[in-house]
Amino acid sequence: MNLPDLCVARDRTKKEISYMDLDQKYEPLFKGKKYFLRTYGCQMNVHDSEEITFYLEALGYTKTDTLEEADIIVLNTCAIRENAKDKVFGYLGRCKHLKQQKPDLIICLCGCLTQQPSEVETLKEKHSYVDIIIGTHNLNELPELIVKKSKKQNIQVYSNSDKVFENIKYKRDSKICAWINITYGCDKFCTYCIVPYTRGRERSRKMENILEEVKELKKEGYQEVTLLGQNVNAYGKDLDLGYDFATLLEEVAKTGIPRIRFVTSHPWNFTDEMIDVISKYDNVMPYVHLPIQSGSDEILKKMNRKYTIAEYKELFNKIKEKVKNVAITTDIIVGFPNETDKDFQDTLDIVKYCEFDNAFTFIYSPRVGTVAALMKDEIPMSVKEERLKKLNELVNSYSLKSNKKLLGKTVEVLVTEVSEKDNNKVCGYTDTMKLVNITGSKDLIGKIVPVKITDAKSFSLDGIVE
Ligand code: SAH
Ligand code: SF4
Ligand code: F3S
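First, a word on scope: everything that follows refers to the structure included in this document. A quick note: this is a predicted structure, and the numbers were derived from the prediction, not measured.

This paragraph deals with the nonpolar core. Core analysis: the biggest nonpolar cluster contains 70 residues, and F245, F262 and I319 have the highest contact counts within it. In terms of residue count, the dominant contributor to this core is helix α7 (residues 245-254) (six residues). Once residues within four sequence positions are removed from consideration, F262 is found in contact with T226, L227, V232, F245, L249, M274, I278, V284, Y287 and V288. Judged by nonpolar contacts, the second largest core, of 25 residues, contains F36, C78, C95 and V120.

Structure below.
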């Protein structure tokens, strides 16, 4: 491997920028040393961790799953809700203890938490044993920071760069399914959400670079790509080049890669052209994650979601009508400040109306710096917990109902790995993103196979290869 390569990134103008002068002489410094990497949060972080893994392995580290064995611990953090933050701080306690026994241990924090100035201040004050703090915009500087730290310099970085980097190298977790960033950041500013502050303004990668990446992955034998962004369908708006997400999706479909997915789409930016592309190309999966957040127009307005329930329903019905056998999933927040019983009932009603294939449900968590965090909220936590329980029961009943519709049918499954629950089985996802445990051999891994569904539960299906 050519080490200096990994430190070169390009901005949108394709001007090459070298971030560090890391040459071969540093590599032996980390040979035989081990890294422990833990990822919190969403697919963005999962994919960022593939970039971090590349850097760590290029520097000579090998992976360990045992915290105590590590020479460097990297925690890729999430700030979306308080419990995500709590998990990181809980883990940090263990890291501190280890550092006392092993002073050379490098502790590195990155991700969304470290993109918040107030959190960085707390970390510096109360967790001064953390060696490297790096944000989400400048991960490519990580190798340099690790090398410098190994020379006993203590570095802390916080960056608000709005660049889009190309030529990023990844050590991907899978050889079958790949994540591809198409946009970074978010401009929507939903009043409850921290993401626009941690990930910055919406920035799109150029279509030609994305297509190049898809073609390369196809050549390497990848079966599936997932186009990633906080709002994938806002793609292109910042570039002003005359193309949008529907154009990009169609071009990606034309590459012939077997399966294409995209997350997350915002109802506000969902166009008819997008629906046409999804229904026209067999390799664009009939699966749409379409967060609704609440069933109440009042709450949606306070959330700054930019659509009404009537508009959501219209879009929902259009997608269902035009995309054959489509599965639609959603995100729902309960307990937004002063959500009334009536507002919550509206949420239950929209779930009953849409019969979502699945829904990710959350109790509202105030995030410092957001508009909603300043709203007065008199609803007790016990009421919010009760609402979540009720909502989950309803959501799960519809997941089961939609899974049961597949009983006895034969569906195509991309087999990705050995089943977690049973080593004698393999598992994978249907085109509609339903998990199937399959009685079959490991030889099926990496293949798209017809599977007859023999059992259906709320969260998974069982099947046999036809
Ligand atoms: N960009 C995506 C998802 C972002 S985060 C979108 O807009 O759909 C994933 C989910 O976390 C959100 O859809 C929302 O349901 C939830 N979420 C975000 N901020 C939250 C908060 N402060 N409290 C509780 N849930 C939150
Ligand atoms: Fe957060 Fe809203 Fe942006 Fe999604 S669209 S990331 S919920 S601000
Ligand atoms: Fe968490 Fe950041 Fe994703 S806050 S959900 S890791 S964008």
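Once that is clear, we can look at empty space enclosed by the protein. Within this structure, the stated rule accounts for three cavities of 30 Å³ or more. What the largest cavity holds in volume is close to 220 Å³. Lining the largest cavity are 16 residues, and of these T136, H137, F165, I168 and Y184 sit closest to its centre. Taken together, the residues of the lining of the largest cavity sort by class into six nonpolar, five polar and five charged.

Another point: the pattern of salt bridges. Going through the model one piece at a time under the given rule, you end up with 27 salt bridges. One network of salt bridges, in which partners are shared, links E82, K85, E119 and R367.

All right, on to the site of ligand 2 then. In the neighbourhood of ligand 2, the contacting residues comprise C186, K188, F189, C190, Y192, C193, V195, P196, Q230, N231, H266 and R305. In terms of residue class, the shell around ligand 2 is made up of seven nonpolar, three polar and two charged.

Here we come to unusual backbone geometry. That bond from V263 to T264 is cis: its omega, -5°, falls within 30 degrees of zero. When you line up the elements, T264 lands in the loop between β13 (259-263) and α8 (272-280). Its identity is not glycine, yet Q293 carries a phi of approximately 75°, on the positive side. Inspection of the secondary structure puts Q293 in the loop between β14 (287-289) and α9 (297-303). Phi at N325 is positive, roughly 55°, even though this residue is not glycine. Along the chain, N325 falls in the loop between α10 (309-322) and β15 (327-334).

What counts and how
- Residues numbered from 1 in each chain as written.
- Chains lettered and ligands numbered in written order.
- Predicted model: local features only at pLDDT ≥ 70, side-chain atom pairs only at ≥ 80, totals over all residues.
- Heavy atoms only, no water.
- Core = buried A, V, L, I, M, F, W, Y, C linked by side-chain atoms within 4.5 Å.
- Buried < 20%, exposed > 50% of the residue type's maximum accessible area, 1.4 Å probe, protein only.
- Helix = DSSP H or I, 4+ residues; strand = E, 2+ residues; numbered from the N terminus.
- Contact = heavy atoms within 4.5 Å.
- 1 Å grid on protein atoms, 1.4 Å probe; cavity = no way out; pocket = protein on both sides within 12 Å on 5 of 7 lines; lining within 4 Å.
- Points joined across faces, edges and corners; volume = space filled by probe spheres on them.
- Nonpolar A, V, L, I, M, F, W, Y, C, P; charged D, E, K, R; others polar.
- Salt bridge = Lys/Arg side-chain N within 4 Å of Asp/Glu carboxyl O.
- Near = heavy atom within 4 Å.

Honestly, it's all geometry; don't read function into it.
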